[in-house]
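Examining the three-dimensional arrangement
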Amino acid sequence: MVAPFNHKTEQTVSAPSPATKPSWRFGDLPAAELMPPLQQYLYAQDAKANWQLVWLNNDGQPIIGLLPTVSWSVYYGANDPPPSDKQETLYKVEKTCRASHHIHHSTVTTTYMCYSEWQDELIAYSQAYNIDSNSNDSHSTFKTNKKPNYHHGLIGFIGYDIAAHELSPASNIELAAQPCALLGHYDIYLTPKKNDNSGWQLEVNSTANASNKDIDEEQKNKLVIALIAYLDALDKKLSDKHPNRKNINQAQLETSSAPASLLLNARWGKRHYQQAFGQTQNYLQQGDCYQINLTQEWQGRLTHTQSTSNIIDYLPALHRNTQAPFAGYLAIQHLNDNANSNKPDNSTERTSSFELLSCYPELFFTFIKDGATGKHHIRTKPIKGTMPRGATAEQDNNYKQQLIDSEKDRAENVMIVDLLRNDLGKYAKIGSVKVPQLFAIESFSNVHHMVSTITAELRTDTHPLAVLFGSLPAGSITGTPKKRAVEIISELENAPRGAYCGTMGYMNFDGSGQWNVLIRTLQATSTADDVANNTKQVSLWAGGGITVASDCDAEYQECLDKVGNLLSVLAKTAIVQIL
């Protein structure tokens, strides 16, 4: 167990003060369209800064994290770990700490620890920064109809591979050669301007302890002033470029500047899928599992061009197409700068980069803190059951009714509901696990989904981060029983999923937070060779839950239905900029 941190902090705004919070319109660009120019501009202003930009749509309560004060990047097998008596797998954890006085000054320390030790460190860190419940009840008061929002905590992702490996360590589940997880403490971030949807305002949280608060805040003010100057310049640039954006119609928006065409090809042909489906049925009929989530991968390579250099360049078009409530994006930029004495001289990992872009509507967990009682409540909404949208209103309603009437989909859905009830039962107050909604139909841009809702009240001795870590990977994308399902998935898919089917979101230091399921998600990774060739490897996955009642052709088509719109958006040829 990691010892608790020795300092207690409070959430107060340092520079600027609440009365003088700077705000910007950024040419009235929505968040998904603002992210590419924001990232490009900040990188150009200071390439050595640990920007690690992150955006969460957060069901209409968006957040853009800019410059974490501390971040943890977790890798598997990057280098040989030091000798240890521990039987658990040791992961390489790079902890980057931002200096308070300058944007591009940071230190990187590398340690090796097991999954539970990293969890304990995050919990101890969060508890040290926990807000006194009497100081900011407005953030955490429990209201079932109020959407949660980020106000100070950790933002990032935890991948499927690391969670599946920890669930069944003896199975030697393969992990992708990319970050397994990333969490950052974002004390500087952008949120929509209060009571005004036409702009963004800068939020700056105090992170100093009482003994050196004045000195730390004075130094941090210098950093914030430099950041404000960057954002002022970007605001002018974007406002000059898009002076009449409110008058642009949707057709013009969709034919605006687009990145180069990106073609992704299925790693499996239909014959390969049929073979994997047959093996899945064998395991189901033998009684190994009741349901197994079988997925397949599409792969491609992104080449640096004048119009395209990162997956983030596709974010505007993808989000316009999907409007996913729990969409998100993050990037890890590794700097090839041996001047930093805390970095190994021959570290090939640090020349690579990683991007994660999610367009998925599924909520994994919402954690809500009751400011009056201090209790934590949790809500999860598993999706299991899918039908495509119709070309006409009549066809669309028919597909929707078929999903409502599908005994197979209802059976799959209730299996996952029972699995999640069991997962939450480990952490919930006895008798508090409820299912207020079963088999509801929610419609999105390309599919209808069957969604159920489960709620619970957490025990007072349980930290929400322990619930998050202990419940991964999500039951809706593994199967039941979960442990045997991840073992079969590893055997049949024959490739690591990486971040896909993990989770992305935030956890405030008071224990409130919201996390998605990383499906309909693009991953882009650069090795040292890729960096030299100005390319990135891109992957996209899709799949579904298989039971003994499943039909192979229908399941294969469901995969295509789930990612067809994403593949189409990516494959569109570049269009000349008209704005």
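Residues numbered from 1 in each chain as written. Predicted model: local features only at pLDDT ≥ 70, side-chain atom pairs only at ≥ 80, totals over all residues. Heavy atoms only, no water.

**Considerations on the overall build of the chain**
Applied cut-off: Starting at the N terminus, helices and strands are each numbered in turn, a helix being any DSSP run of H or I of at least four residues and a strand any DSSP run of E of at least two. Buried residues are those whose accessible area, probed at 1.4 Å on protein chains only, stays under 20% of the maximum for their type, while exposed residues exceed 50% and partly exposed ones sit between those limits. For this analysis, residues touch if any pair of their heavy atoms sits within 4.5 Å. Using the Shrake-Rupley algorithm and a 1.4 Å probe, accessible areas are obtained, with residue cover drawn only from the displayed protein chains.
The helix and strand tally for the chain stands at 14 helices and 24 strands. In the chain, buried positions account for 57% of the 579 residues. Restricting to contacts in the chain with at least 6 residues of sequence separation, those with at least 24 account for 75%. Approximately 23,800 Å² of the chain is accessible, and the part contributed by carbon and sulfur atoms is 48%.

**Notes on helix α8 (residues 315–322)**
To keep things clear, this is the line we draw: Think of it as the arc spanned by the lines of direction from the helix axis to the C-beta atoms.
Listed as buried for α8 are Leu 315, Pro 316, Leu 318, His 319 and Thr 322. One face of α8 carries all of its buried residues, which in axial projection span an arc of 165°. Where α8 is buried, its residues meet α1 (31–45), β2 (54–56), β13 (328–333), β14 (353–358), β23 (521–526) and α14 (552–571). Within two residues after α8, Gln 323 carries a phi angle of roughly 50°, on the positive side.

**A word on the packing of aromatic side chains**
Using the following cut-off: Here a Phe, Tyr or Trp ring, Trp counted by its six-membered ring, pairs with any other such ring whose centre lies within 6.5 Å, and the pair is stacked when the planes are under 30 degrees apart, edge-to-face when over 60, and tilted otherwise. Comment: the charge-over-ring label is applied if NZ (Lys) or CZ (Arg) is within 6 Å of the ring centre and within 35 degrees of the ring normal.
Counting across every chain of the model gives 18 aromatic pairs. For the ring pair Phe 157 and Phe 354, a centre distance of 5.7 Å and an interplane angle of 35° mean the geometry is tilted. Of this pair, Phe 157 sits in strand β7 (residues 153–158) while Phe 354 sits in strand β14; the two residues are 197 residues apart in sequence, bridging distant segments of the chain. Residue Phe 157 shares its accessibility class with Phe 354, and that shared class is buried. For the cation-ring pair, Arg 497 lies above Tyr 160, with the distance from its terminal atom to the ring centre recorded as 4.6 Å.

**A short note on unusual backbone geometry**
Cis rather than trans, the peptide bond between Leu 472 and Pro 473 has omega equal to -10°. Residue placement: Pro 473 occurs in the loop between α11 (464–471) and β20 (479–480). Even without being a glycine, Gln 52 presents a positive backbone phi close to 45°. Topologically, Gln 52 is positioned in the loop between α1 and β2. Even without a glycine there, the phi angle at Asp 59 is positive, about 55°. Looking at where Asp 59 falls in the secondary structure, it is placed in the loop between β2 and β3 (63–65).

**Things to note about the confidence of the model for the chain**
Rule in force here: The predictor's confidence in any single residue is recorded as pLDDT, a number from 0 to 100.
Averaged over all residues, the pLDDT of the chain equals 84, while 81% of them reach at least 70. Low pLDDT, under 50, characterises residues 132–138; the predicted model gives this stretch six contacts beyond four residues in sequence or across chains. Segment residues 249–253: pLDDT under 50, and seven contacts once partners within four positions in sequence are set aside and those in other chains are kept.

**Quick look at the pattern of salt bridges**
How we decide: The term salt bridge refers to a pairing of a side-chain nitrogen on Lys or Arg with a carboxyl oxygen on Asp or Glu at a separation within 4 Å.
Applying the stated criterion to the full structure yields 24 salt bridges. The partner of Lys 375 in a salt bridge is Glu 457, with the nearest N and O atoms 3.9 Å apart. Taken together, the positions of Lys 375 in the loop between β15 (363–369) and β16 (376–381) and Glu 457 in strand β19 (residues 447–457) put the pair 82 residues apart, joining distant regions of the chain. Residue Lys 375 is classed as partly exposed on the basis of its relative accessible area, which comes to 33%. Look at the salt bridges and you will find they share partners, linking Asp 288, Lys 483, Arg 484 and Glu 487 into a network.

**Regarding the pairing of strand β17 (residues 383–388)**
Cut-off, in case you're wondering: Paired strands, in this sense, are two strands between which DSSP finds at least two bridges.
In terms of burial, β17 is largely enclosed, as six of its six residues are buried. Sheet topology places β17 next to β19; four bridges connect them, and they run antiparallel. In the strand pairing of β19, Pro 388 is matched with Val 447.

**Considerations on a nonpolar patch on the surface**
How we decide: Patches here: salt-bridge-free residues with over 30% relative accessible area, like charges joined within 9 Å, nonpolar side chains (Val, Leu, Ile, Met, Phe, Trp, Tyr) joined within 5 Å.
Taken together, the side chains of Val 414, Val 435 and Leu 438 present a nonpolar region at the surface, about 190 Å² in accessible area. Among the structural elements, Val 435 can be located in strand β18 (residues 434–443). Among the residues examined, Val 435 registers a relative accessible area of 32% and is labelled partly exposed.

**Thoughts on the nonpolar core**
Which entries qualify depends on this criterion: By nonpolar core we mean a set of buried residues, namely Ala, Val, Leu, Ile, Met, Phe, Trp, Tyr and Cys, connected to one another through side-chain atoms within 4.5 Å.
Formed by 131 residues in total, the largest nonpolar core has its most connected members in Leu 38, Leu 66, Trp 118, Leu 190 and Leu 202. Residues Val 54, Tyr 186, Met 504 and Tyr 506 belong to the second largest nonpolar core, which totals 18 residues.

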